[in-house]
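Coordinates in review
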Amino acid sequence: MKRLNLNLFTIMVLLTAAACKQAPKQEEMPSMPAFSIEKMPFGKVGENEITLYKLSNSSGFTVEIINYGAAIVSILAPDKNGEMGNVVLGFDSLSGYLQPGNPYFGCIAGRYANRIAKAQFTLDGATYKLAANNGPNTLHGGLKGFDKVVWNAMENASDSSASLTLTYLSPDGEEGYPGNLSAEVIYTITNDNALQIDYKATTDKATPINLTNHAYFNLAAGKTADILGHELMLTADNYTPVDATLIPTGKIESTKGGPMDFTSAKPIGKDLAQVSGGYDHNFILNKAGNDLSLAATLYEPTSGRMMEMLTTEPAVQFYSGNFLNGTLTNEDGKAIVKHYGLCLEAQHYPDSPNQANFPNTILKPGETYTQTTIYRFLTK
Ligand code: BGC
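As a convention, each chain's residues are numbered from 1 in the sequence order in which they are written. The model is predicted, so local features are restricted to residues of pLDDT at least 70 and side-chain atom pairs to those at 80 or more, both for listing and for counting; the totals for chains, interfaces and linings are taken over all residues. Excluded from the side-chain calculations are hydrogens and water; all other atoms, namely the structure's heavy atoms, are used.

Remarks on the layout of surface pockets
Each cavity reported here is a set of points on a 1 Å grid over the protein atoms alone in which a 1.4 Å probe fits but cannot get out, each pocket an open set with protein on both sides within 12 Å along at least five of seven lines, and each lining residue one with an atom within 4 Å of a point. Grid points are joined across faces, edges and corners, and a volume is the space filled by probe spheres set on the points. Counted as a void, the largest pocket has a volume near 650 Å³. Forming the walls of the largest pocket are 35 residues, and the residues nearest its centre are Asn102, Pro103, Tyr104, Leu139 and Tyr216. Counting from the N terminus, the helices are the DSSP runs of H or I reaching at least four residues and the strands are the DSSP runs of E reaching at least two. Sorting the residues of the lining of the largest pocket by element identifies α2 (94-98) and β26 (315-319) as the ones contributing at least two each. Under the convention adopted here, Pro, Cys and the residues Ala, Val, Leu, Ile, Met, Phe, Trp and Tyr are nonpolar, Asp, Glu, Lys and Arg are charged, and Gly plus all remaining residues are polar. Of the residues in the lining of the largest pocket, the class split is 16 nonpolar, 14 polar and five charged. Considering only enclosed or pocket space, the second largest pocket measures out at about 330 Å³ in volume. Residue assignment for the lining of the second largest pocket shows that the elements contributing at least two residues are β28 (362-363) and β29 (369-379).

Some details on the sheet that holds strand β20 (residues 238-240)
Strand pairing is assigned whenever DSSP detects at least two bridges linking the two strands. The antiparallel open sheet is built from six strands, whose spatial order is β18-β27-β26-β23-β20-β21. The strands lining the two open edges of the sheet, one partner per strand, are β18 (216-217) and β21 (253-254). As defined by bridge partners, β20 adjoins strand β23 (residues 280-284) across three bridges and the pair is classed as antiparallel. Bridged to threonine 240 within β23 is asparagine 282.

Section: the pattern of salt bridges
By salt bridge we mean one thing: a side-chain nitrogen of Lys or Arg within 4 Å of a carboxyl oxygen of Asp or Glu. A full pass over the atoms with the stated rule returns nine salt bridges. Salt-bridge contacts for aspartate 271 lead to lysine 266; the nearest nitrogen and oxygen are separated by 2.7 Å. Neither aspartate 271 nor lysine 266 differs from the other in exposure class; each is buried. Put simply, aspartate 271 and lysine 270 hold a salt bridge, and the shortest N to O gap is 3.9 Å. The class of aspartate 271 is buried, set by a relative accessible area of 11%. Linked by salt bridges that have partners in common, Asp192, Glu308 and Arg376 make up one network. Per-residue accessibility, obtained with a 1.4 Å probe over protein chains only, is compared with the maximum for each type, and a residue is labelled buried under 20%, exposed over 50%, and partly exposed between these values.

Shown next, in the form of structure tokens:
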């Protein structure tokens, strides 16, 4: 079912500062609503209704999210001429998200985003077996990760933001992971054309956790052949080299001077040929604690669109869309070819549950996992 056919069902939630405080005087023009949230049916998964939530600010910056996989479906952001375009890859119907070949478009990946080697880990003396859904390894939470479950959703608009809170209770033993894990993800848009993602989780047994958003960005909104002309800067002097199955070897290596060096902005295509298979690496951010700090900037010269990424996480997986192969079709009808989108996934290092020298990813009962990442859209 196409979304466009469903406008009749649209429910508008409009909130204005003026409406909250006092009615406008007769001679005054009513002010533009600050934020709006529209809801529309997006199909069903079993008995569960899937809803698309459209969060917009008064300048038209819009983020669409569905409660299947808590996935971002589109982000409309202006180019240097003020023309709006969708800057992420997405499908126009639920069937796109349900198909087996969906490369995790816009979803929340979890419980453990990225890979865990040999699909197992040992914690407090017990060995936990996970699904080997990526060669010998587990990827993005297993066969039915957080990208393939239905989340509860609750929208909220105020005069300074619009947000969607998504919650999911992952039962003890789901996909092999211990503990009932209660997860919450809040997507918030603000007037500076930023999308903030706040994550929270608690558990009743010690368990690994690594949540991220898996949006594929294309700041040209599909007007260039691929993302190789996008200029990327990463505040990462180091990265974790990987083996042939993309599991970190355990070494920490300098990015400086080589193809992995994005400490000054450079086109993604510049050194790509020197990286076997393309970029799909964990870049370690230059910081000691978990403060919210600049992780990346991404600039697309033809549209003038720029994105800043800030995160509390210690690392970012930069993935240059190497496995996209033209078999899927984007919301705009174009084939999603290799390098048509790129991911900047705020995260802990891959395989941390098996690598004692990596920052801790074990959440214990009584503790709260938190994560904040902001993607802000600008032009220059
Ligand atoms: C991984 C890629 C993987 C992709 C799945 C990324 O996070 O790093 O290796 O192919 O997700 O679409």
